[in-house]
Amino acid sequence: MINAYIAVTDEKSFEIRRAQPSLDEVNFWRPSGRSFKALQPGELFLFKLHKKPFIVGGGIFCHYSRIPVWMAWEAFGVKNGAESLEELKEKIAHYRQGENAHQDDFYIGCIILEQPFFLTEEKWILIPPDWSPSIQSGKRYDLSVEPGLTILRQLQERTNISPQLIRERPARYGEPTTVLPRLGQGAFRVLVTDAYERQCAISGEKILPVLDAAHIKSYKEGGEHLITNGVLLRQDIHTLFDKGYLTITPEYRVEVSRRLKDEFDNGKEYFRFQGQPISLPRKPEYRPDRDFLAWHNQNIYEKG
């Protein structure tokens, strides 16, 4: 069985997202931060306009996370369906019945979608006959039976998007894993942050605003937005990692370059991490790829 979830969206948010060129991902947020368990990664999340009885677009469900509004804006910007952080806060405050829209600590639920698509008006799909006007957030449909089967057929006729069956494959560490949709930059940041349970892999720092999802092999060097090509680091450690002053070995241990002492006559704060094992994600399939770490060791790190 594979599912689709039809969610209600407002027209302005839809138009803001649709107007973005080459959009690779969107964040469909929930003001309450209530959990979302209706879909598995790879299934379809579809948009229905609030005041019109049509499915007008959607995307492939990737991940759900509850994060502060400032982080949602930093990760996704206008992909949140708002033109500014202040507008996004105003929208949230409206749905949360007048909370102070100038707060930075709103926590919202983020339904992250990859490969978003937007139908032109002549291709809009009429909602299923069992859709009730009283539905406020959305409803799940099984695409293997009616009326979901008709929705799937119409989508296949009008787009090049179809749900990706959740496949299992042998993981590097011997456990099965799901195949996630290709990640965008925002999804990469959120998924790596969640994989490391919002804690720096080296220092243990838990203050979210100073944590970065670092690429092991940088995007400009051909590295992809993969969880296994990421590690969560405190911002200063991230800078040193990118500049080759420290690395993580394929054995998951920290190595710090003597260049810190030679060039800056300092570095005591960082030499204390020498030889220390990093904290790894609980899920083995999310752990850093040893080949990416070897690449960083050989191409970026300078032992000195």
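Residues numbered from 1 in each chain as written. Predicted model: local features only at pLDDT ≥ 70, side-chain atom pairs only at ≥ 80, totals over all residues. Heavy atoms only, no water.

Scanning the protein chain from terminus to terminus reveals nine helices and 13 strands. Its C-alpha atoms give the protein chain a radius of gyration of 22 Å, near enough to 19 Å, the size a compact globule of 304 residues would have. By the burial criterion, 52% of the 304 residues in the protein chain qualify as buried. When contacts within the protein chain are restricted to residue pairs at least 6 apart in sequence, those whose partners lie at least 24 apart make up 70%. Of the roughly 14900 Å² that the protein chain leaves accessible, carbon and sulfur atoms contribute 48%. If you average the places of the 41 positive and of the 41 negative side-chain charges in the protein chain, the two averages end up 3 Å apart. (Helix = DSSP H or I, 4+ residues; strand = E, 2+ residues; numbered from the N terminus. Rg over C-alpha atoms; globule rule 2.2 N^0.38 Å. Buried < 20%, exposed > 50% of the residue type's maximum accessible area, 1.4 Å probe, protein only. Contact = heavy atoms within 4.5 Å. Areas by Shrake-Rupley, 256 points an atom, 1.4 Å probe, with all protein chains shown as cover. Lys, Arg positive; Asp, Glu negative; His and termini not counted. Charge placed at Lys NZ, Arg CZ, Asp CG, Glu CD.)

Right, let's get into the pairing of strand β2 (residues 25-30). In terms of residue burial, β2 counts as a mostly covered element, since six of its six residues are buried. Along β2, one buried face is formed by Glu 25, Asn 27 and Trp 29 and the opposite face, lined by Val 26, Phe 28 and Arg 30, is buried too.

Turning next to the pattern of salt bridges. Using the criterion set out here, one finds 17 salt bridges in the structure. Salt-bridge contacts for Arg 189 lead to Glu 74; the nearest nitrogen and oxygen are separated by 3.0 Å. Separated by 115 residues along the polypeptide, Arg 189 in helix α5 (residues 185-195) and Glu 74 in helix α2 (residues 69-76) bring together distant segments of the chain. In this structure Arg 189 comes out as buried when scored by relative accessible area, which is 16%. (Salt bridge = Lys/Arg side-chain N within 4 Å of Asp/Glu carboxyl O.)

On to the nonpolar core, then. If you look at the biggest cluster of nonpolar residues, it comprises 52 residues, and the most contacted ones within it are Ile 112, Ile 202, Val 231, Leu 233 and Ile 237. Here Leu 233 is in contact with Cys 200, Ile 202, Val 210, Leu 211, Asp 212, Ala 214, His 238 and Phe 241, once residues within four sequence places are set aside. (Core = buried A, V, L, I, M, F, W, Y, C linked by side-chain atoms within 4.5 Å.)

With respect to the helices and strands, Phe 118 occurs in strand β5 (residues 107-118). With 149 residues separating them in the primary sequence, Phe 118 and Gly 267 have C-alpha atoms 51 Å apart. If we skip the residues at most four places from it in the chain, Phe 118 touches Phe 14, Arg 17, Arg 18, Leu 23, Val 26, Phe 47, Val 56 and Gly 57.

Bringing unusual backbone geometry into the picture now. For the peptide bond that leads from Glu 146 to Pro 147, omega is 5 degrees, which places it in the cis range. Within the secondary structure layout, Pro 147 lies in the loop between β7 (138-142) and α4 (148-158). A positive phi angle, near 60 degrees, is found at Arg 198, a position not held by glycine. Secondary-structure assignment places Arg 198 in the loop between α5 and β10 (211-215). Phi at Tyr 252 takes a positive value of approximately 70 degrees, unusual for a residue other than glycine. Relative to the assigned elements, Tyr 252 resides in the loop between β12 (246-248) and β13 (254-256).

Next up on the list: the packing of aromatic side chains. Any pair of aromatic rings gets described here by the distance separating the centres and the angle formed by the planes. In total, this model carries 12 aromatic pairs according to the counting rule given. A ring pair is formed by Phe 36 and Phe 45, whose centres lie 5.8 Å apart and whose planes are at 65 degrees; its orientation type is edge-to-face. Note on Phe 36: relative accessible area 7%, which makes it buried. Ring geometry for Phe 45 versus Phe 47: centroids 6.2 Å apart, planes at 75 degrees, classification edge-to-face. You'll find Phe 45 and Phe 47 in the same group, each marked buried. Among the aromatic side chains, those forming a connected cluster through ring pairs are Tyr 5, Phe 14, Phe 28, Phe 36, Phe 45, Phe 47, Phe 61 and Phe 118. The ring of Tyr 245 has Arg 259 lying over it, and the distance from NZ or CZ to the ring centre is 4.0 Å. (Phe/Tyr/Trp six-rings, centres within 6.5 Å; stacked < 30°, edge-to-face > 60°. Lys NZ or Arg CZ within 6 Å of the ring centre and 35° of its normal.)

What helix α1 (residues 11-18) keeps buried is the set Ser 13, Phe 14, Ile 16 and Arg 17. For α1, the buried positions fall inside an angular range of 165 degrees around the axis, keeping them on one side. Packing partners of the buried residues in α1 comprise β1 (3-9), β2, β3 (44-49), β4 (54-68), α3 (85-95) and β5. Structurally, the start of α1 carries an N-cap: the backbone nitrogen of Lys 12 is 3.2 Å from a side-chain oxygen of Asp 10. (Arc of directions from axis to C-beta. Polar contact = N/O pair within 3.5 Å; in protein donor to acceptor, adjacent residues only side chain to side chain.)

Another point: helix α9 (residues 290-299). For α9, every residue scored as buried is listed here: Phe 292, Leu 293, Ala 294, Trp 295 and His 296. Buried residues in α9 make contact with α6 (235-242) and β12.

Don't take any of this as a statement about function, it's just geometry.
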